[in-house]
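Residue-level structure breakdown
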Amino acid sequence: QVQLVESGGGLVQAGGSLRLSCAASGMIFSINAMGWYRQVPGKQRELVARITSGGSTNYADSVKGRFTISRDNAKNTVYLQMNSLKPEDTAVYYCNLNRGVFGTDYWGQGTQVTVSS
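Read on for an overview of the structure.

Reading the values: the criteria
Residues numbered from 1 in each chain as written. Predicted model: local features only at pLDDT ≥ 70, side-chain atom pairs only at ≥ 80, totals over all residues. Heavy atoms only, no water. Disulfide = S-S within 2.5 Å. Helix = DSSP H or I, 4+ residues; strand = E, 2+ residues; numbered from the N terminus. Buried < 20%, exposed > 50% of the residue type's maximum accessible area, 1.4 Å probe, protein only. 1 Å grid on protein atoms, 1.4 Å probe; cavity = no way out; pocket = protein on both sides within 12 Å on 5 of 7 lines; lining within 4 Å. Points joined across faces, edges and corners; volume = space filled by probe spheres on them. Nonpolar A, V, L, I, M, F, W, Y, C, P; charged D, E, K, R; others polar. Core = buried A, V, L, I, M, F, W, Y, C linked by side-chain atoms within 4.5 Å. Contact = heavy atoms within 4.5 Å. Polar contact = N/O pair within 3.5 Å; in protein donor to acceptor, adjacent residues only side chain to side chain. Pairing = 2+ DSSP bridges. Phe/Tyr/Trp six-rings, centres within 6.5 Å; stacked < 30°, edge-to-face > 60°. Lys NZ or Arg CZ within 6 Å of the ring centre and 35° of its normal.

**Examining the state of the cysteines**
One pass over the full model with this rule turns up 1 disulfide. Sulfur-sulfur distance for the disulfide between Cys22 and Cys95 comes to 2.0 Å. Here the disulfide of Cys22 and Cys95 is left-handed, its torsion about the S-S bond being about -85 degrees. Linking Cys22 in strand β3 (residues 18–26) with Cys95 in strand β9 (residues 91–99), this pair joins segments that are 73 residues apart in sequence. Residue Cys22 shares its accessibility class with Cys95, and that shared class is buried.

Here it is, written out as structure tokens:
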């Protein structure tokens, strides 16, 4: 139905930057929002940043001022620019797409981000 392919994760030193990409394909219509979530072992998956179909954005307090979410509608791709990375940003980052009247969620396979101190 919907396929989400993430890229851009990796290992970076504290203070560095990474850009994550998520390319969507398939039944990508009636999109409500796309976003990025992250999860560390033993903890719940948490919202990092989200952008609605109307272009509104919201961020977790912990990443405000450091991360920026954006999208390229022509490429059906959403990006997460991560600057001033901290060790506590280390997690598996998942792309999310929410679509339809019932707000169905779709998830990417996840990409590891590791920030060394």
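On we go.
**Overview of the layout of surface pockets**
With a probe scaled to a water molecule rolled over the atoms, the places where space remains empty come into view. Its volume calculated, the largest pocket comes out at about 180 Å³. As for the largest pocket, its lining consists of 14 residues, of which Ile31, Met34, Arg71, Asn73 and Asn76 are closest to the centre. Mapped onto the lining of the largest pocket, the elements with two or more residues apiece are β4 (31–39), β5 (46–52), β7 (67–72) and β8 (77–82). Here the lining of the largest pocket gets 3 residues from one element, more than from any other, and that element is β4. Of the residues contributing to the lining of the largest pocket, the split by class is 7 nonpolar, 5 polar and 2 charged.

**Focus on the nonpolar core**
Among the nonpolar cores identified, the biggest contains 27 residues, and Leu4, Trp36, Leu80, Met82 and Tyr93 are the most heavily contacted of them. Only β1 (2–7), β3, β4, β5, β7, β8, β9 and β11 (111–116) provide two or more residues apiece to this core. The contact partners of Tyr93, leaving out residues within four places of it in the chain, are Glu6, Leu20, Trp36, Tyr37, Arg38, Val48, Phe67, Leu80, Met82, Gly110, Thr111 and Val113.

**Re the side chain of Arg66**
Along the chain, Arg66 turns up in the loop between β6 (57–59) and β7. Reaching out from Arg66, the side chain makes a polar contact with the backbone oxygen of Ser62 at a distance of 2.9 Å. A polar contact is formed between the side chain of Arg66 and the backbone oxygen of Ser84, at a distance of 2.9 Å. Contact partners of Arg66, with chain neighbours within four places excluded, come to Gln81, Met82, Asn83, Ser84, Leu85, Lys86 and Asp89.

**A look at the pairing of β1**
The side-chain alternation of β1 yields one buried face, formed by Val2, Leu4 and Glu6, and one unburied face, formed by Gln3, Val5 and Ser7. Sheet topology places β1 next to β3; 6 bridges connect them, and they run antiparallel. Within β3, the residue paired with Glu6 across the bridge is Cys22.

**Side note on the packing of aromatic side chains**
Taken as a whole and assessed by the stated rule, the structure comprises 1 aromatic pair. Aromatic pair Tyr37 and Trp107: ring centres 5.0 Å apart, planes at 75 degrees, arrangement edge-to-face. Of the two residues, Tyr37 sits in strand β4 while Trp107 sits in strand β10 (residues 104–107), which places them 70 residues apart along the sequence. Note that Arg45 overlies the ring of Trp107, its terminal NZ or CZ placed 4.6 Å from the centroid.

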